[in-house]
Amino acid sequence: MNHIVLTSAPDNDLASRWSDLFAGAPFATHFVTPDFFNDPFAGKGEKFAVLAMDGDRIDAVLTGLRVGSKIVSGLAVRPQTAFRNGIDRTAAAVALADGLSAFGGDWADLITFFSWDPVDGLERSGYRHDIGTGADQVVMLDLAKGADQLFKEFSERRRTDLRKVMKQAKLDVKILDSETELAELYKIHKTWNEGKGNTPDRFEDFRTALRSENRAIFIARSDGKIVAGTYLRFCKGGVVEYAANNSLGEYQKLRPNELLGWRAIEWACSQGFTKFSMGASHPFLARYGGEIVATQRYQLDRSFLKMHAKRELVTRIATKTYLSLPEGLRKRIKSVTAKV
């Protein structure tokens, strides 16, 4: 099996063969499609893709970014790899690794990628394997169960809140479909991010997302006013990913975010998607039920004396030591460091 490395969008023929992979890939997500090169939210850096080829057939894909001397593909909660069912996964993984090394050349001192499932055969290429824990895990819903069954698997608190919200009927949820709605939601996006000290995304990027065939935005309105929005990205016939949410604080008592999540799950079931990734595993998302999925990290440290791995080990030890301290002492340490 060989590989192809791309640094720009493929031509129509290659894009078609690339997309053919997804009919037989269990974790096909938006950022492993050819549209990755056109998506303004795919991250900052030089975009690239590695395709593992068996003859003319594409059997696996990995997308990512070059940032300085580092190459990174995806995040722990958002792997950007996909493998066709029934192939020699080890051969495909080695082809992807060879492509990463070819793209990295002599300048890349750290190569990192994430996978939904374990990948064999990379140890001889020098990759270290870690399994995600804690905040690096993802809530994953199996949409084959259908909306009714998935609702039954929500936490009791989530089901109670949703039944109350739907009975009150004070919120209207729909898919955003106009520039006027987009402009109104963008104001919420700006307010929400500025309140958290973040830089809002550009309105032009929002418009691109609205026009994408691989994205959907759900909005909740109260008395005609947009009060919250949930952003989804997806690969048709594959995985839907909960990408982000923005809402107005004064309307939280109406539970718009909870209802948006439920309506998005209902919609995903009706559209024939296979899985719904909540994109994280914190309590708000975990109340939607599903399975907690631990993703796989593969990392190749090519720095002098493997300094990246050493720094990470020191950070892990420090974090573990800090978390083992009594809560009162942790608070005092946090208070002191915040003033430094």
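Above this text is the structure in question.
Reading guide: rules and limits
- Residues numbered from 1 in each chain as written.
- Predicted model: local features only at pLDDT ≥ 70, side-chain atom pairs only at ≥ 80, totals over all residues.
- Heavy atoms only, no water.
- Pairing = 2+ DSSP bridges.
- Helix = DSSP H or I, 4+ residues; strand = E, 2+ residues; numbered from the N terminus.
- Axes fitted to C-alpha atoms, helices over the stretch in contact; angles between N-to-C directions.
- Contact = heavy atoms within 4.5 Å.
- Buried < 20%, exposed > 50% of the residue type's maximum accessible area, 1.4 Å probe, protein only.
- Arc of directions from axis to C-beta.
- Expected span 1.5 Å × (residues − 1).
- Salt bridge = Lys/Arg side-chain N within 4 Å of Asp/Glu carboxyl O.

Novice: Mind laying out the sheet that holds strand E12 (residues 239-247), listing which residues take part and the relevant values?
Specialist: Strand order in the open sheet made by the seven strands is E9-E10-E11-E12-E13-E8-E14, with mixed pairing throughout. The sheet terminates laterally at strand E9 (172-175) and strand E14 (291-294), the two strands that pair on one side only. Here the average twist between neighbouring strands, direction ignored, is 30 degrees. Pairing of E12 with strand E13 (residues 275-277), which is carried by three bridges, proceeds in the parallel orientation. Bridge pairing links Val 240 to Phe 276 in E13. Sitting on the sheet, helix H5 (residues 179-195) touches E9, strand E10 (215-222), strand E11 (225-234) and E12, and the angle it makes with E11 is about 90 degrees. Its contacts with the sheet place helix H7 (residues 256-270) against strand E8 (137-142), E9, E10, E11, E12 and E13, and it is angled at close to 40 degrees to E11.

Novice: With reference to specific residues and values, describe the pairing of strand E4 (residues 70-73).
Specialist: On E4, burial follows the alternation: Ile 71 and Ser 73 on one face are buried, whereas Lys 70 and Val 72 on the facing-out side are not. Bridge count for strand E3 (residues 57-67) against E4 is three bridges, and the pairing is antiparallel. Directly across from Leu 65, in E4, lies its bridge partner Val 72. Hairpin connection between E3 and E4: a loop of two residues separates the two successive antiparallel strands, and Gly 68 in this loop has a positive phi of roughly 60 degrees. Alignment of E4 against strand E6 (residues 110-115), held across four bridges, turns out to be parallel. Residue pairing in the sheet places Ile 71 in a bridge with Ile 111 of E6.

Novice: How would you summarise helix H6 (residues 203-211) if you had to cite specific residues and measurements?
Specialist: Among all positions in H6, only Phe 203, Asp 205, Phe 206 and Ala 209 are buried. The buried residues of H6 occupy an angular sector of 155 degrees when the element is viewed end-on, so they sit on one face.

Novice: Quick rundown of H5? Include the residues and the values.
Specialist: Taking 1.5 Å per residue as the helical rise, H5 with its 17 residues ought to reach 24 Å, and the 24 Å between its terminal C-alpha atoms agrees with that figure. Listed in full, the buried residues belonging to H5 are Glu 181, Leu 182, Leu 185, Tyr 186, Ile 188, His 189 and Asn 193. End-on, the buried residues of H5 take up no more than an arc of 165 degrees, which puts them together on one face. Those residues of H5 that are exposed and angled more than 90 degrees off the buried face are Thr 180, Lys 187, Thr 191 and Gly 195. Contacts from the buried residues of H5 go to E9, H6, E10, E11 and E12. Just downstream of H5 lies Gly 197, where phi reads positive at about 75 degrees.

Novice: Would you mind going over the pattern of salt bridges in detail, with residue names and values included?
Specialist: The final tally for this structure, using the stated rule, is 22 salt bridges. The residue Glu 153 makes a salt bridge to Lys 145 at a minimum N-O spacing of 3.1 Å. The exposure class of Glu 153 is partly exposed, given its relative accessible area of 29%. With a relative accessible area of 42%, Lys 145 lands in the partly exposed category. Between Lys 174 and Glu 181 there is a salt bridge, with the nearest N and O atoms lying 2.9 Å from each other.

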